[in-house]
Amino acid sequence: VAIAVTRERREGETRCAVTPETVKKLIALGATVSVEAGTGIGSSIPDADYAEAGATVKPDTRAVLDGADVLLKVRGPTAQETSALKPGAIVIAMLDAYREKDTVEALKGANATAFAMEFVPRITRAQVMDVLSSQANLAGYRAVIEAAYAFGKGFPMMMTAAGTVAPAKVFVMGVGVAGLQAIATARRLGAVVTATDVRPATKEQVESLGAKFLAVEDEEFRNAQTAGGYAKPMSPEYQAKQAVLTGEHIRKQDIVITTALIPGRAAPVLVSAEQVASMKPGSVLIDLAVEAGGNVAGAKAGEVVTTANGVSIVGYTNLPGRIAADASALYARNLVAFVGLMVKDGALTLDLEDEILKAAVVTHGGAVVHEGVKG
Ligand code: NAD
């Protein structure tokens, strides 16, 4: 099996789909690995390290893709990459298939079998391939680092001869994988942390990390988690009660980190323009949901907005890409586990009835086969 990895070409994409460690693992599966020169630049991996691990480093995309059976990428392939694939080639990436219709159409047209890593089901067997978790965890960590950087004060309480520096107050809204890591990181830096979510299971998780839980705990809250472990969209009545509770709290916070998402829907707006305006000058909001429409009114994807009252709203879109070396290392390991489902002793054995592959396949045999993407 010939596996190819090309350089990421999307603006600001610093991650890569293979590391020297995973080159060795792919070779151990019986594959050969070709890597385009410069693939690891954003993750501080020199070409020579790939070569030393056993990959063939090639100068350009066409040379890498020539004869490739499998293309591994972080983001969906460009039109040029897709057109250079041999018919029936396998593509594995975070395709963002609901939004990137053109990429999906091109892959269909090229007769590629394309897998979207974001569709890997969150079942126990697939945990090792769960890119949503591996990347969200790092995003949660990085959100706190960005907040600390943008904030003109310290996080920990510091008692000095010149007086005491008060600890920062951090409020995390949405306690999934990213939110939990944000709580843990803010606590490690010494902040006083509170958090909210609509899923009751998060209360204990928040408290076990030494943070205080704050939520409207009514009947709707007690039923807000789906069988899949995700949040349901909340009623306007609930959202109104939530806004009253959190509004009073947000006013007193230094940092607010929002991570609230609902699968397949726009992100709920959790911080209104009035609540932003109620915050002290110098306060910082980090909106991790900005690409899904945003949890914070006024957040702009890819930008840091400073409001009239001196509050910063940080809308960076690729937080894992701001900790690229680790994000690449974890993503590349997720990919090796996924490739392991279809490569045995150096041969391709593609079983599209396997429940993980079945959930993740988007195009196959010249058609879009994923129900959600089709619809
Ligand atoms: P997510 O990214 O979909 O959402 C982030 C958080 O936002 C969730 O905790 C959600 O409840 C919360 N949220 C949604 N609407 C909200 C609102 N109006 N107000 C406040 N908070 C709101 O979540 P995720 O990080 O992908 O995790 C979702 C679930 O999946 C969790 O239960 C997690 O433990 C579970 N999970 C399971 C596995 C596995 O079993 N393999 C792996 C990863 C995550």
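**Some details on helix H7 (residues 177-188)**
Item 1. In a regular helix each residue adds 1.5 Å, so 12 residues correspond to 16 Å; H7 covers 17 Å between its end C-alpha atoms and thus fits that length.
Item 2. Among the residues making up H7, those that are buried are Ala178, Gly179, Gln181, Ala182, Ile183, Ala184, Thr185 and Ala186.
Item 3. Residues of H7 that are buried sit in contact with helix H6 (131-150), strand E9 (169-173), strand E10 (192-196), helix H8 (201-208) and strand E12 (255-258).
Item 4. Looking one or two places after H7, you find glycine 190, whose phi comes out positive at around 95°.

**Notes on the site of the ligand**
Item 1. Close contacts around the ligand come from 21 residues, with Arg122, Ser133, Val177, Asp197 and Arg199 the closest.
Item 2. One of the backbone N or O atoms of valine 177 is found 2.7 Å from an oxygen atom in the ligand.
Item 3. Across the complex, the protein chains shield 83% of the 840 Å² of accessible surface that the ligand would expose by itself.

**Points about the pattern of salt bridges**
Item 1. What the rule picks out here adds up to 25 salt bridges.
Item 2. Between arginine 222 and glutamate 219 there is a salt bridge whose closest N-O contact spans 3.4 Å. With arginine 222 and glutamate 219 both in helix H9 (residues 219-222), this residue pair falls three residues apart, about one helical turn. Residues arginine 222 and glutamate 219 agree in their burial class; the two are exposed.
Item 3. One network of salt bridges, in which partners are shared, links Arg7, Glu8, Arg9, Glu36, Lys73 and Glu81.

**Examining the nonpolar core**
Item 1. If you look at the biggest cluster of nonpolar residues, it comprises 62 residues, and the most contacted ones within it are Leu72, Ile92, Phe115, Met117 and Phe338.
Item 2. With six residues, the single largest contributor to this core is helix H12 (residues 324-339).
Item 3. If near-sequence neighbours (up to four positions away) are discounted, leucine 72 is found in contact with Ile3, Ala4, Val5, Thr6, Ala17, Leu26, Ile92, Leu335 and Val339.
Item 4. In this structure, Ala143, Phe221, Met234 and Val314 belong to the second largest nonpolar core, which totals 33 residues.

**Looking at the side chain of glutamate 36**
Item 1. Within the secondary structure, glutamate 36 sits in strand E2 (residues 32-36).
Item 2. Given the relative accessible area of 2%, glutamate 36 is considered buried.
Item 3. At 3.1 Å, the side chain of glutamate 36 forms a polar contact with the backbone nitrogen of arginine 7.
Item 4. If we skip the residues at most four places from it in the chain, glutamate 36 touches Val5, Thr6, Arg7, Arg9, Asp47, Val57, Lys58, Pro59, Asp60, Thr61 and Val64.

**A few points about the sheet that holds E10**
Item 1. Ordered in space as E11-E10-E9-E12-E13-E15-E14, the seven strands form an open sheet in which the pairing is mixed. Two strands bound the open sheet, and with one partner strand each, they are strand E11 (212-213) and strand E14 (304-306).

**Remarks on the sheet that holds strand E1 (residues 2-5)**
Item 1. The strand order across the open sheet built from eight strands is E3-E2-E1-E4-E5-E6-E18-E19, with neighbouring strands paired in mixed fashion. The strands lining the two open edges of the sheet, one partner per strand, are strand E3 (56-58) and strand E19 (367-368).
Item 2. With four bridges joining them, strand E4 (residues 70-75) and strand E5 (residues 90-94) adopt parallel strand pairing. Residue pairing across strands places leucine 72 opposite isoleucine 92, the latter belonging to E5.

**Examining the environment of glutamate 13**
Item 1. Looking at the element boundaries, glutamate 13 is found in the loop between E1 and helix H1 (20-28).
Item 2. Taking C-alpha positions, glutamate 13 is 7.7 Å from asparagine 318, a pair spaced 305 residues apart along the chain.
Item 3. Excluding residues within four positions of it along the chain, glutamate 13 makes contact with Glu8, Val74, Arg75 and Asn318.
Item 4. At 3.1 Å, the side chain of glutamate 13 forms a polar contact with the side chain of asparagine 318.

**Considering the packing of aromatic side chains**
Item 1. Summed over all chains, the structure comprises four aromatic pairs.
Item 2. Plain terms: the ring middles of phenylalanine 115 and phenylalanine 338 are 5.4 Å apart, the flat faces sit at 70° to each other, and that makes the pair edge-to-face. Of this pair, phenylalanine 115 sits in strand E6 (residues 113-116) while phenylalanine 338 sits in helix H12; the two residues are 223 residues apart in sequence, bridging distant segments of the chain.
Item 3. We classify phenylalanine 115 as buried; its relative accessible area is 0%.
Item 4. Assessed through its relative accessible area of 0%, phenylalanine 338 is described here as buried.

**Quick word on the packing of H6 against H12**
Item 1. Where H6 meets H12, the closest approach of the two axes is 9 Å, and the angle between their N-to-C directions is 170°. Of the possible angle classes, the one that applies to H6 and H12 is roughly antiparallel. Contacts between H6 and H12 involve Val131, Ser134, Gln135 and Leu138 from the first element and Asp326, Ala327, Leu330, Tyr331 and Asn334 from the second.
Item 2. For the contact of H6 with H12, the residue count by class is five nonpolar, three polar and one charged.

**Quick look at H1**
Item 1. Residues Pro20, Thr22, Val23 and Leu26 constitute the buried set of H1. What you see down the axis of H1 is that its buried residues fit within an arc of 160°, all on one side. Residues of H1 that are exposed and point over 90 degrees away from its buried face: Lys24 and Ala28.
Item 2. Downstream of H1 by one or two residues, glycine 30 has phi in the positive range, about 100°.

Parameters at a glance
- Residues numbered from 1 in each chain as written.
- Predicted model: local features only at pLDDT ≥ 70, side-chain atom pairs only at ≥ 80, totals over all residues.
- Heavy atoms only, no water.
- Helix = DSSP H or I, 4+ residues; strand = E, 2+ residues; numbered from the N terminus.
- Expected span 1.5 Å × (residues − 1).
- Buried < 20%, exposed > 50% of the residue type's maximum accessible area, 1.4 Å probe, protein only.
- Contact = heavy atoms within 4.5 Å.
- Near = heavy atom within 4 Å.
- Polar contact = N/O pair within 3.5 Å; in protein donor to acceptor, adjacent residues only side chain to side chain.
- Areas by Shrake-Rupley, 256 points an atom, 1.4 Å probe, with all protein chains shown as cover.
- Salt bridge = Lys/Arg side-chain N within 4 Å of Asp/Glu carboxyl O.
- Core = buried A, V, L, I, M, F, W, Y, C linked by side-chain atoms within 4.5 Å.
- Pairing = 2+ DSSP bridges.
- Phe/Tyr/Trp six-rings, centres within 6.5 Å; stacked < 30°, edge-to-face > 60°.
- Axes fitted to C-alpha atoms, helices over the stretch in contact; angles between N-to-C directions.
- Parallel < 35°, antiparallel > 145°, perpendicular 65-115°, else oblique.
- Nonpolar A, V, L, I, M, F, W, Y, C, P; charged D, E, K, R; others polar.
- Arc of directions from axis to C-beta.

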